[in-house]
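# Residue-level structure breakdown
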Protein chains: 2
Amino acid sequence: MSSPNSSADVFPATERSRLRRRHDRGSHKHADVFAVLDACPLSHIGYTIDGAPYVTPTLHWREGDRVYWHGSAASRFLRKVVDTPVCLTCSLLDGYVLARSAFNHSVNYRSAMLFGTARIVEDVAEKAEALRLFTESYFPGRWEHLRPMQDQELKATSVLWMDIEEATSKVRDAPPGDPEEADVPVWAGVIPVRNGLTEAQPAPDLHGGIALPAELDALIRSGRLR
Amino acid sequence: MSSPNSSADVFPATERSRLRRRHDRGSHKHADVFAVLDACPLSHIGYTIDGAPYVTPTLHWREGDRVYWHGSAASRFLRKVVDTPVCLTCSLLDGYVLARSAFNHSVNYRSAMLFGTARIVEDVAEKAEALRLFTESYFPGRWEHLRPMQDQELKATSVLWMDIEEATSKVRDAPPGDPEEADVPVWAGVIPVRNGLTEAQPAPDLHGGIALPAELDALIRSGRLR
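Our subject in this report is the structure included herewith. (Residues numbered from 1 in each chain as written. Chains lettered and ligands numbered in written order. Predicted model: local features only at pLDDT ≥ 70, side-chain atom pairs only at ≥ 80, totals over all residues. Heavy atoms only, no water.)

Below, the discussion takes up the sheet that holds strand β8 (residues 119-120) of chain B. Residue and element names in this part refer to chain B. An order of β4-β5-β9-β8 is seen for the four strands of this open sheet, with the pairing classed as antiparallel. Each of the sheet's edge strands pairs with one partner strand only, and the pair in question is β4 (61-63) and β8. The pairing of β4 with strand β5 (residues 66-72) spans three bridges and is antiparallel. Note that in β5 the partner of Glu63 across the bridge is Arg66. (Pairing = 2+ DSSP bridges. Helix = DSSP H or I, 4+ residues; strand = E, 2+ residues; numbered from the N terminus.)

Right under this line is the structure:
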C-alpha cells in the first residue's frame, strides 16, 4: 500500500504552476522534481528584464529545495535579476515517438519547471562553500585535488540561488499512443536518445602518469550525464 | 580569402542581444545561429506573463529566419503569449571541460538565443502546411506515409511563430584553458557528451514486415539528433 503524501513532500501549486493538461505525466512531488533536476546537467533560466523575457542556459546545483547557479560578477545581466522572479526549466529529451499520424507523434522526455526568486550570495565564505558544492555535485571527490581557489577568482564569480516556491515535473516514457491505428502501414516506435558521456580526452598538456580518476571513469560508464 | 559579411548575413544587435563578454565564442551571423538552431531538437521558450517569466521546453522548426513551434489549442498559456516578446534559447551540451582549478572548469557547448514576437498561425491551410514542415524537418520523407491529418486534430493544435529580430550564437569547443597550470597534479581534459540516437524500438503493436525506413536508419547512424 502506498502511503499518502504529506504536504511536506509536495510543492504547492498556484495559477502559475498548476498542471492543466496531461495530469498523468505531471507531478508536484519533491522526489519527482528533484529526480529530473538532478539528472539534467543544463537548465534554462528565465528572467524578466524591463518587461521582456530572457532565457539563459546554465549549470545548476541543488541543496535541499534550494537551487544554485553562477556567473561572472562582471555581468550586468546577473545583477539586474537579483530579487526578481525566476522560472528555471530543465529538460532531457529521451527519444522520438513516431506514430501513424502526425498528430500522435511525441517525444519521450523528463522536464522540471521551478519558480522562485533570484537571490545572490553576499558572504564570501558562503560563496566559496557554494562553489565547492557546485564542483562536487558534478564531479564528486574532485575538489580536494584542485589548485585552491584564489581570492580574485572568488571575486570574479557571482553565485545566485533561489528557494523553490513552486515546481512541477513532467515525464513521458512510453511507446506511441495509437495502437488503434496499427493497420496504417507505416513504421511506428521510439527512437531513443543517447544520454551519456563518452571516452575522456586528456588535455594536450596533461603530464604523463596522471590517470583518469576512478570517479570520472565511473561517471562515464554510468550512462548518466551527471 | 574570406569575404566580408554583408549586413544581410548578420542579425542586428541591440542592448538585449549584444555580446558583452567572451566575444571569441559568440556570433550574430545567420549561418552560425541557424547551425545551432537546426542541430538542437529542443528549445526553451521564455515568455513574460503578468510580469513574471515562464520557460517551456518545446520542439521547434525553421523556415528562413522564421521559427515555429506548436502546442495545444486548449492551452490558455499559448493564447496569452500571442503578440508578446519571446526569447527562444536552445543549447547542446557537448562536453565537460575539467581544468586544474575550479575556476577554469567549463563546458563545451553550442547555444543560440533568439528574440522576436510570438504570432499565431490563423489560416487553417497555412497551419496544415506548417505542421507538414514540422514533421518533415525532424523526419524527412515521413509525411506522405502517415495517416492524413484530420480536421479536429488541426483544430486542436496551435502553431506559433516568430521572425528572428535579433539573435546570437555561442560555441565553446576546446580543451581546458589553463596550460600554464599543467604542473598541478590533477587529471585535466574533456569528457564529451554523446549527442545522438540509438537503436529504434518498434511499437509493440507494429505489424510484422514493416521495416524501419531508410531515412530513419540514416538519422540514427548520423550521430546527430535531427
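Now that the structure has been shown, we can carry on.
Residues and elements named next belong to chain A. Strand order in the open sheet formed by four strands is β4-β5-β9-β8, with antiparallel pairing between adjacent strands. At either end of the open sheet lies a strand with only one pairing partner, and these are β4 (61-63) and β8 (119-120). Strands in contact with helix α3 (residues 124-138) are β4, β5 (66-72) and β9 (157-163); relative to β4, the strand with the most contacts, it is inclined by about 115 degrees. (Contact = heavy atoms within 4.5 Å. Axes fitted to C-alpha atoms, helices over the stretch in contact; angles between N-to-C directions.)

Turning our eyes to something else, we now look at the relation of the copies chain B and chain A. Expressed as a screw transformation, the operator carrying chain B onto chain A has a rotation angle of 180 degrees and an axial translation of 0.0 Å, and the superposed copies differ by an RMSD of 0.0 Å. Expressed as an axis order, the relation between the two copies is that of a two-fold axis. The fraction of interface residues of chain B whose copies in chain A are also interface residues reaches 100%, indicating that both copies meet through the same surface. (Least-squares fit on C-alpha atoms with pLDDT ≥ 70 in both.)

Moving on to the pairing of strand β2 (residues 42-49) of chain A. Residue and element names in this part refer to chain A. The element β2 is extensively covered by neighbouring structure, given that eight of its eight residues are classed as buried. In the sheet, β2 pairs with strand β3 (residues 52-59) via eight bridges, with the strands oriented antiparallel. Counterpart to Ile45 in the pairing with β3 is Thr56. In this structure, the hairpin formed by β2 and β3 is closed by a connection of two residues, where Asp50 is found at a positive phi of approximately 50 degrees. Direction of pairing for β2 relative to strand β6 (residues 85-98): antiparallel, over a ladder of three bridges. (Buried < 20%, exposed > 50% of the residue type's maximum accessible area, 1.4 Å probe, protein only.)

What follows concerns the nonpolar core. One finds A:Trp69, A:Tyr96, A:Leu114, B:Trp69, B:Tyr96 and B:Leu114 to be the most contacted residues of the largest nonpolar core, which totals 122 residues. Those residues in contact with B:Tyr96 that sit more than four places away from it in its chain are A:Pro41, A:Tyr138, A:Phe139, A:Leu197, A:Leu225, A:Arg226, B:Ser106, B:Val107, B:Gly189, B:Val190 and B:Ile191. (Core = buried A, V, L, I, M, F, W, Y, C linked by side-chain atoms within 4.5 Å.)

Moving on, we get to the environment of A:Trp143. Of note, A:Trp143 is situated in the loop between α3 and α4 (151-155). In this structure, the C-alpha to C-alpha distance between A:Trp143 and A:Leu131, residues twelve residues apart in sequence, is 9.6 Å. Ignoring sequence-local partners within four residues, the contact set of A:Trp143 consists of A:Leu131, A:Arg132, A:Thr135, A:Glu136, A:Met149 and B:Ala102.

Let us now look at the side chain of B:Ser27. Residue and element names in this part refer to chain B. You can see Ser27 is positioned in strand β1 (residues 26-27). On the basis of relative accessible area, Ser27 is assigned to the buried category, the value being 11%. One polar contact links the side chain of Ser27 to the main-chain amide nitrogen of Lys29, over a distance of 2.9 Å. Among the polar contacts made by the side chain of Ser27, one reaches the side chain of Asp32 at a distance of 2.6 Å. Among all residues touching Ser27, those that are not within four sequence positions of it are Leu19, Asp32, Val33, Ala167, Thr168 and Ser169. (Polar contact = N/O pair within 3.5 Å; in protein donor to acceptor, adjacent residues only side chain to side chain.)

Taken together, the contact pairs 92 residues of chain B with 92 residues of chain A. When the two sides are added together, the surface that chain B and chain A hide from each other amounts to roughly 7500 Å², 66% of it contributed by carbon and sulfur. For the interface between chain B and chain A, the tally reads four salt bridges. Taking the shortest distance from any N to any O, the salt bridge between B:Arg100 and A:Asp205 comes out at 2.7 Å. In terms of residues, the side of chain B that touches chain A owes the most to one element, strand β6 (residues 85-98) of chain B, which gives nine residues. Across two bridges, the pairing between strand β12 (residues 201-202) of chain A and strand β11 (residues 189-197) of chain B is antiparallel. Bridge pairing links A:Pro202 to B:Gly189 in β11(B). (Buried area = accessible area lost by both parts, 1.4 Å probe. Salt bridge = Lys/Arg side-chain N within 4 Å of Asp/Glu carboxyl O.)

Turning next to unusual backbone geometry. At A:Asp50, a position not held by glycine, the phi torsion is positive, near 50 degrees. A:Asp50 gets classed as exposed once you look at its relative accessible area, which sits at 72%. In this structure, B:Asp83 takes a positive phi of about 70 degrees despite not being glycine. Mapped onto the elements, B:Asp83 comes out in the loop between α2 (76-81) and β6.

We now examine helix α1 (residues 30-39) of chain A. All names here are of chain A. Within the span of α1, buried status applies to His30, Val33, Phe34, Val36 and Leu37. The arc that holds the buried residues of α1, viewed along the axis, is 165 degrees, so those residues lie on one side. Summarising the contacts, the buried residues of α1 are in contact with β1 (26-27), β4, β5, β6, β7 (106-117) and β10 (166-172). (Arc of directions from axis to C-beta.)

Inspection of the secondary structure assignment puts A:Ser101 in the loop between β6 and β7. Take A:Ser101: its relative accessible area is 1%, and that puts it in the buried class. As for A:Ser101 and A:Pro213, which are separated by 112 residues in sequence, their C-alpha atoms are 48 Å apart. Apart from residues no more than four positions distant in its own chain, A:Ser101 is found in contact with A:Asp178, A:Glu181, B:Leu146, B:Arg147 and B:Glu153. Within polar-contact distance, the side chain of A:Ser101 engages the side chain of A:Asn104 at 3.2 Å.

Any functional reading would require information that these geometric values do not contain.
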